[in-house]
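Fold and geometry: a report
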Amino acid sequence: MEIAEELAKGQRAISVTEFFEKNRHLLGFDNKQKALLTCVKEAVDNSLDACEELGHIQEKRNEKVALPEITINVKALSDNYQLIGEKQSIGQMIVKKNEFTILYKGNSQSKQIRGGNLSMSFEDVTFNVSESNGKISVLMNGTQLRLKKNAPIFLISIMDNGPGIIESKIPDIFGRMLYGSKFQSMRQSRGQQGIGIHSAVLYSQLTTGKPATIVSKVKSSKKAKMMKVQINILKNEPEVLEEKEEDFPYESGTRIDLEIEGIYISSNKGLDEYVRRTALVNPHATIIYINPNGEKITYKRVIERLPKEPVSIKPHPEGLEMGIFMRILKNSTERTVIAVLENELSRVSRAVADQVLKSVGIDPKLKPQEIDRVQANSILKALQSLDLMRPQTDCLSPIGGEELEKSLKKEYSPEFIKSVTRKPEVYRGMPFQIEVAAAYGGEIKSDKAMLMRFANKIPLLFDSSSCALTQSFLGVDYSRYGLKVENKVPVGQLVFIIHIASVWVPYTNESKNSVASYPVITKEIKLALQELVRNLSVFLNRKHKSSLFQERINLFDKYGIELAYSLSKLTDIDEKKIKAKIENMLEKKKDEVKKNVEESLSKGDVISSKIESDASSEEE
């Protein structure tokens, strides 16, 4: 037998699910802490997108708009043990009250323990479990196994009041990797790859052997449909293990329950902080969060309207690559190549399409499927050489400056709030927009500036050092604006927000925690930050001047009695009259200063010019 033939026996195609089963770190499951957060994040992203889509449709139909309401419930469920033989791990055992689940070679069984003993048989082995005085013992085919305690099992439950999912689509939406409607849509959304929620279902299946439980209700149904779904990893196909009908608290909506292995910590990279930041940049949503400690926190919406609806756009020639352009030509339903350029590309009019085709010597009436690679390349190069209009920007839905400021005011009650929104720009033909905001003072507890990164309204908590947003933030020379700086970071009670909105955020990997450093993106962030810091610098400078002026008034007040006595001696005017005049003048001035300072700070604005002029007069 040929060596090549022998090697060929081991060659086969693998499914995308099988690939991510072995490379789950690419999806954000490289440790148990990130895994818990990632599962919640993917489900919440889907819920917010669905709720907003429902609201926009209701607006178009002039119906009452149901603003998003998301419930996040995370609870510790059970203990988790690794079953270890003499030299290697044999399997896994999950203990939930009196129920024991054993995972062995990709299969799982669950049984209630009775009388302190139970037995589970797989194809080639039998596990005997016994429990006495809280101690657990496991035998495999009569051989004692060692138990190693793993991270605990959590039950994650995410529920929304969105449109729900029709019954026939539930299995594919949750059980088939790369299935969805967002990948091919050229408009801003939180999900964009068709991987997110499927990766959470896959992780649940891998770590606990339990399927995902999905409960979904559409408006026209009296009851919700419940399905237990798992993924056939080799085929990348959904398998429905159980289904029935049950009640649901909303007119329509969806709930997903996942049992996963994870670690819960409360920190600036933990689940609590993720939920807080999600509420901060989604001020139109109410988020109810029950953490693993049983604490219920409700983040009420601060605005009663939906964000702007993003509209799907067509590909722009500037960002097109040869392979994608060839596919557009081959799959087009248009009859002529000129019609493809006009109707399936952005900012290409019929006159421009005719001009381009004539310049490369191609008949405009030629069928698009008859265009070969050389001809397609010449068309694309000719299009990209033209100074076409930039892509449409109505595909974007930024948070909004007013909305950001309201959120920051509610969260921190700061002395100063300011936001800056740049005009939309383009990278690789993809429209994007940068928003930044800053808050100073109030209930901000840190004595060093804290940066919050967001992409399409999603908090980015990990991989900050490799992120363009962090690099741009550290690239600004804050000392030029009069701010104190330590290790490139401003000192003071400061919070900065940087948000990138785009139809396709250039994440550095599938876990979506870091944005790639395209020069045009970093430039836009720096320009926005510089404008923001200029405003902050003016505020801090005027605040400082007003405090100095207040100190002068206080000194005048302190030594007013001595001044009245001296003036009385010099002028022979009654000391009491002089003292009364001084006190009256000081009270009037103090009230004026106090009123202006409080009004200015409460608005998050700079100290008024009137106070500044008063301070100048006093110096004179």
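Note that the coordinates shown come from a computational prediction; the quantities given were computed from them, not determined experimentally.

1. Looking at the overall build of the protein chain
Along the backbone of the protein chain there are 16 helices and 24 strands. Burial status across the protein chain gives 50% buried among its 620 residues. Here the contacts in the protein chain between residues at least 6 apart in sequence split such that 69% fall between residues at least 24 apart. Looking at the protein chain as shown, the accessible area adds up to about 31000 Å², and 48% of this sits on carbon and sulfur atoms.

2. A few points about the packing of aromatic side chains
Centre distance and the angle of the planes are the two values used to describe a pair of aromatic rings. For the coordinates displayed, the defined rule picks out twelve aromatic pairs. Judged by centre distance (5.5 Å) and plane angle (70°), the ring pair of Tyr 104 and Phe 127 falls under edge-to-face. Taken together, the residues span a long stretch of sequence, with Tyr 104 in strand S3 (residues 99–104) and Phe 127 in strand S6 (residues 126–132) at a distance of 23 residues. Owing to a relative accessible area of 7%, Tyr 104 belongs among the buried residues under this scheme. Classification of Phe 127 as buried rests on a relative accessible area of 0%. Here the aromatic rings of Phe 416 and Phe 539 are separated by 5.0 Å at their centres, their planes lie at 35°, and the arrangement is tilted. Taken as a pair, Phe 416 in strand S17 (residues 416–421) and Phe 539 in helix H13 (residues 519–558) lie far apart in primary sequence, 123 residues in all.

3. So, the side chain of Asp 160
As for its placement among the helices and strands, Asp 160 is situated in strand S10 (residues 153–160). Of the polar contacts made by the side chain of Asp 160, one reaches the backbone nitrogen of Gly 162; its length is 2.8 Å. If we skip the residues at most four places from it in the chain, Asp 160 touches Ser 47, Cys 51, Glu 69, Ile 70, Phe 248, Tyr 250, Ser 252, Gly 253 and Thr 254.

4. Remarks on the pairing of S3
Within S3, five of the six residues are buried, which leaves the element mostly enclosed by the surrounding structure. Relative to S3, strand S2 (residues 89–96) is paired through five bridges, and the arrangement is antiparallel. Paired with Lys 96 across the two strands is Glu 99, which belongs to S3. Turn length for the S2-S3 hairpin, with the two strands adjacent in sequence and antiparallel, is two residues, and the turn residue Lys 97 shows positive phi of about 55°. Here six bridges tie S3 to strand S4 (residues 107–112), and the two strands are oriented antiparallel to one another. Pairing of Phe 100 across the sheet is with Lys 111, part of S4. Between S3 and S4, which pair antiparallel and follow one another directly, the connecting turn spans two residues, one of which, Lys 105, has a positive phi of 50°.

5. A closer look at the packing of helix H3 (residues 32–60) against helix H5 (residues 196–208)
Where H3 meets H5, the axes come as close as 8 Å, and the angle between the chain directions of the two elements is 135°. Considering the angle they form, H3 stands oblique to H5. Helix-helix and strand crossings are classified by hand; for H3 and H5 the assignment is left-handed. Facing H3, whose interface residues are Lys 32, Ala 35, Cys 39, Glu 42, Ala 43 and Asn 46, H5 presents Gly 196, Ile 197, Ser 199, Ala 200 and Tyr 203. Here the contact of H3 with H5 is composed, by residue class, of six nonpolar, three polar and two charged.

6. Observations concerning the UniProt feature "binding site: ATP" (unreviewed entry) in the protein chain
Mapped onto the present numbering, the UniProt feature "binding site: ATP" (unreviewed entry) falls on Asn 46, Asp 160, Ser 181, Lys 182 and Lys 512. Accessibility expressed as a relative area gives 4% for Asp 160, which makes it buried. A polar contact is formed between the side chain of Asp 160 and the side chain of Ser 47, at a distance of 2.8 Å.

7. Concerning helix H10 (residues 373–385)
Under the 1.5 Å per step criterion, the end-to-end length of H10 is 18 Å for 13 residues, consistent within 8% with the ideal 18 Å. Within H10, the full set of buried residues consists of Ala 376, Ile 379, Leu 380, Ala 382 and Leu 383. Down the axis of H10, the sector holding all buried residues measures 160°, keeping them to one side. Exposed and oriented more than 90 degrees from the buried face of H10 are Arg 373, Val 374, Lys 381 and Ser 385. Buried residues in H10 make contact with helix H7 (322–331), helix H8 (337–344) and helix H9 (350–359).

8. Focus on helix H6 (residues 271–280)
Burial analysis of H6 places ten of its ten residues in the buried class, which makes it a mostly covered element. Within the sequence span of H6, burial applies to Leu 271, Asp 272, Glu 273, Tyr 274, Val 275, Arg 276, Arg 277, Thr 278, Ala 279 and Leu 280.

9. Structural notes on the packing of H9 against H10
Packing of H9 against H10 leaves a shortest axis separation of 9 Å and a crossing angle of 125°. As the angle between them shows, H9 and H10 are arranged oblique. Along this stretch, H9 crosses H10, giving a crossing that reads as right-handed. Contacts between H9 and H10 involve Val 356, Leu 357 and Ser 359 from the former and Ile 379, Ala 382 and Leu 383 from the latter. Its residues assigned to classes, the contact of H9 with H10 shows five nonpolar, one polar and no charged.

10. Describing the nonpolar core
Within the largest apolar cluster, 47 residues are counted, with the highest numbers of intra-cluster contacts made by Val 40, Ile 72, Ile 158 and Ile 256. Discounting residues that sit within four places of it in the chain, Ile 72 has contacts with Val 40, Val 44, Ser 157, Ile 158, Val 275, Ile 287, Ile 288, Tyr 289 and Ile 290. Ranked by size, the runner-up nonpolar core spans 42 residues in total, among them Leu 396, Ala 438, Leu 460 and Leu 483.

About the criteria used
Residues numbered from 1 in each chain as written. Predicted model: local features only at pLDDT ≥ 70, side-chain atom pairs only at ≥ 80, totals over all residues. Heavy atoms only, no water. Helix = DSSP H or I, 4+ residues; strand = E, 2+ residues; numbered from the N terminus. Buried < 20%, exposed > 50% of the residue type's maximum accessible area, 1.4 Å probe, protein only. Contact = heavy atoms within 4.5 Å. Areas by Shrake-Rupley, 256 points an atom, 1.4 Å probe, with all protein chains shown as cover. Phe/Tyr/Trp six-rings, centres within 6.5 Å; stacked < 30°, edge-to-face > 60°. Polar contact = N/O pair within 3.5 Å; in protein donor to acceptor, adjacent residues only side chain to side chain. Pairing = 2+ DSSP bridges. Axes fitted to C-alpha atoms, helices over the stretch in contact; angles between N-to-C directions. Parallel < 35°, antiparallel > 145°, perpendicular 65-115°, else oblique. Left-handed = near helix turned anticlockwise from the far one by under 90°. Nonpolar A, V, L, I, M, F, W, Y, C, P; charged D, E, K, R; others polar. UniProt positions renumbered as here; feature names shortened; annotations may be inferred. Expected span 1.5 Å × (residues − 1). Arc of directions from axis to C-beta. Core = buried A, V, L, I, M, F, W, Y, C linked by side-chain atoms within 4.5 Å.

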